[in-house]
Amino acid sequence: MSNPPIFDSKEPHGKPLYCVSWSTDVVEYKARWPKTKDKEPEFQSALITVRYFATTGANFCSIYESIDVELLEEDDASIELTSVPLKNTTQKIQVYKDDNSNETFFCCAYGGHSATPNFPITSPFPTHETHKGPQLLAIAGSSRLVKIIDPTTTRLVLTLSGHGDDIYDCQFHPVDEWLLITASKDQSLRLWNVMTGTPIFIFAGHEGHRESVLTLDIDSLGGRMVSGGMDTEIKLWSLATGHHKASVAKSYELKGCGWLEIGSTERVFPTLYEQMPYFSTTRVHTDYVDCVRFVGSDLIASKSTGNSIVIWSPVIDSKKKERLLKNSGEQAAKINSKARTGEKTSGDIDKFDRGDQIVALREFILTDCEIWFVRFSIDNSGKFLTIGNKAGLIRVWNLHGKKSVPVLKCNALCKPAAVRMVKFSPQSDSLCAVFDNGVTVQYDFAQGRGEDGRVRRWKI
């Protein structure tokens, strides 16, 4: 079954698009317009929902506005009239071009907040009170920099530097929207506080990745992170131990520089190293791990170049994990203390059995997906999984279904090109895909599902 998209657009540069990200911001309002041109016309009222998503590729970032119109059965005379009828539409509203023509943006993510509308701001330092507006957009790639854009003011408000090589993935914390985690070719992951421009943690070192880190995900409660890379390893890291929480809290106390201030103010923050994940395994894949996602609270879905997505569970002894995290915290404090004074730390890392056993639960077989850096998405309900392939075909699976076969298939309208990423909207009613030839497509997924969760049709 082939289903055309409700929207498609091609970037003028025609180069690969690597990432698409939806904002969780939703603007809702009601509109009303005349249905006829009579002297006493009938009127139509509707609920208008506006959402936003961004795509990145080459040295460009594009932001789109998606408008959904839901017609109301009864007319509401109290609603302000519009001049023309409104309809479902998606359009590009902003484009950002980096001055560096050699830049390639591999990832983007929405998080944090712009300034609160109509709030009197007397300081360049953002706070939880002054910045409650629309979300910011983080973009990163081959220049090793993370750039924070405020779409409301159309300005670059912050640049985060520290990575030593390409940045392949980034994601904001699901609970604290000011925390951003990035994954890099320099074999590290970094946790940043975007509000204060502070690097809080570096996840790398003794038990860290030995090759490029390609992918990361944070669980819905924000207490754990999973990462995967070219070393074929998948690692689980804690974000909720005592020293993690203390360092995050301390990062909010720093008021050394403002987003738009020019000039330097002396400021020192003790960025900490986390060298020991609490679980690490190479038993799932034998090649690059280019996409990992949490499924619910306990399961992980991961993909390599082997034409399959595997859902599995790590085998972790809870008592051993608790002891490991406690010892890891103590060692991290010792190592970071010595590192700041220039002392050697090689003898301060003890060997712990982190375990590498897994239980494979389910496998989804893919076709034409043996290339790397193709990323899948799982909707927020944890019910559907979607991915594209190098032939331009997008598939959707029902994770709760009894059979591991796709319930939807869609061919792009353009000539066959690799689908680099497919992403569900936060409301799970729409999905976007980006292609190797600079094309972006959007599909209406809401009308394709029945009350029982089965996919019946795909609305055009």
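Computed from a prediction, not measured in an experiment: that's the story for all the values here.

Peer 1: Describe the overall build of the protein chain, and please don't skip the residues or the numbers.
Peer 2: Counting its regular elements, the protein chain contains two helices and 30 strands. Across the protein chain, contacts joining residues at least 24 apart in sequence account for 61% of those joining residues at least 6 apart. When the accessible surface of the protein chain is summed, it comes to about 21100 Å², and 49% of that surface belongs to carbon and sulfur atoms.

Peer 1: A description of helix α1 (residues 242-251) should follow, citing residues and the corresponding values.
Peer 2: Within the sequence span of α1, burial applies to His244, Ser247, Val248 and Ser251. Looking straight down α1, one finds that the buried residues subtend no more than 100° of arc, so they occupy a single side. Opposite the buried face of α1, at more than 90 degrees from it, the exposed residues are Gly242 and Lys245. The inward-facing, buried residues of α1 abut β12 (179-184), β13 (189-193), β14 (198-203), β17 (234-238) and β18 (272-274).

Peer 1: I'd like a rundown of the pattern of salt bridges, residues and numbers included.
Peer 2: By the definition in use, this model includes 12 salt bridges. Two residues, Asp68 and Arg51, come together in a salt bridge whose shortest N-O distance is 2.9 Å. Of the two residues, Asp68 sits in strand β5 (residues 60-71) while Arg51 sits in strand β4 (residues 43-57), which places them 17 residues apart along the sequence. When its relative accessible area of 3% is taken as the criterion, Arg51 is described as buried. Beyond isolated ion pairs, a larger network of salt bridges with shared partners links Arg51, Asp68 and Asp429.

Peer 1: How would you sum up unusual backbone geometry? Please name residues and give values.
Peer 2: Despite not being glycine, Ala58 has its phi angle at roughly 50°, a positive value. Within the element layout of this structure, Ala58 appears in the loop between β4 and β5. You will see that Phe373, though not glycine, has its phi angle at about 65°, which is positive. With respect to the secondary-structure elements, Phe373 resides in the loop between β23 (358-365) and β24 (377-378).

Peer 1: If you had to explain the sheet that holds strand β19 (residues 279-281) to someone new, which residues and values would you point to?
Peer 2: As a general point, the strands of a sheet are linked pairwise by backbone hydrogen bonds and lie either parallel or antiparallel. If you trace the four strands from one edge of the open sheet to the other, you get β15-β16-β17-β19, paired in antiparallel fashion. If you trace the sheet from one side to the other, it starts and ends with β15 (213-218) and β19, each paired once. With direction set aside, neighbouring strand axes in the sheet form an average angle of 15°. Pairing of β15 with strand β16 (residues 224-229) involves five bridges; the strand directions are antiparallel.

Peer 1: I'd like to hear about the confidence of the model for the protein chain, residue by residue, with values.
Peer 2: Of all residues in the protein chain, 82% have pLDDT values of 70 or greater, and the mean over the chain is 85. Note that pLDDT drops below 50 for residues 447-460; the model gives that stretch 34 contacts with residues more than four away or on any other chain.

Peer 1: Before we move on, could you go through the environment of Cys369 and cite the residues and values that matter?
Peer 2: Along the chain, Cys369 turns up in the loop between β23 and β24. A sequence separation of 62 residues divides Cys369 from Asn307, and the C-alpha atoms of the two residues are 5.3 Å apart. Leave out the neighbours within four places in its chain, and Cys369 touches Lys303, Ser304, Thr305, Asn307, Val374, Ile387, Gly388 and Asn389.

Peer 1: Give me the packing of aromatic side chains: which residues, what numbers.
Peer 2: Scanning the model with the defined rule gives 15 aromatic pairs in all. Geometrically, the ring pair formed by Phe203 and Trp237 is edge-to-face, given 5.4 Å between the ring centres and 75° between the ring planes. Placement of Phe203 in strand β14 and of Trp237 in strand β17 is noted, with a sequence separation of 34 residues between them. Residue classification places Trp237 among the buried residues on the basis of a relative accessible area of 1%. These aromatic residues form a ring-pair network of at least three members: Tyr18, Phe106, Tyr168, Tyr288, Trp372 and Phe373. When the ring centre of Phe43 is taken as reference, the NZ or CZ atom of Arg32 above it lies at 4.1 Å.

Peer 1: Explain the pairing of β16 to me, and be specific about the residues and the numbers.
Peer 2: Taken across its six residues, β16 has six buried, putting it largely inside the fold. Both faces of β16 are covered, namely the face carrying Arg224, Val226 and Gly228 and the face carrying Met225, Ser227 and Gly229. Counting the residues in the hairpin turn of β15 and β16 gives five residues, including Gly222, whose phi is positive at 80°. Pairing analysis gives five bridges linking β16 to β17, with the strands arranged antiparallel. Residue pairing in the sheet places Arg224 in a bridge with Ser238 of β17. The turn linking β16 back onto β17 is made up of four residues, and Thr232 within it adopts a positive phi angle of 70°.

Conventions and cut-offs
- Residues numbered from 1 in each chain as written.
- Predicted model: local features only at pLDDT ≥ 70, side-chain atom pairs only at ≥ 80, totals over all residues.
- Heavy atoms only, no water.
- Helix = DSSP H or I, 4+ residues; strand = E, 2+ residues; numbered from the N terminus.
- Contact = heavy atoms within 4.5 Å.
- Areas by Shrake-Rupley, 256 points an atom, 1.4 Å probe, with all protein chains shown as cover.
- Buried < 20%, exposed > 50% of the residue type's maximum accessible area, 1.4 Å probe, protein only.
- Arc of directions from axis to C-beta.
- Salt bridge = Lys/Arg side-chain N within 4 Å of Asp/Glu carboxyl O.
- Pairing = 2+ DSSP bridges.
- Axes fitted to C-alpha atoms, helices over the stretch in contact; angles between N-to-C directions.
- pLDDT = per-residue confidence, 0-100.
- Phe/Tyr/Trp six-rings, centres within 6.5 Å; stacked < 30°, edge-to-face > 60°.
- Lys NZ or Arg CZ within 6 Å of the ring centre and 35° of its normal.

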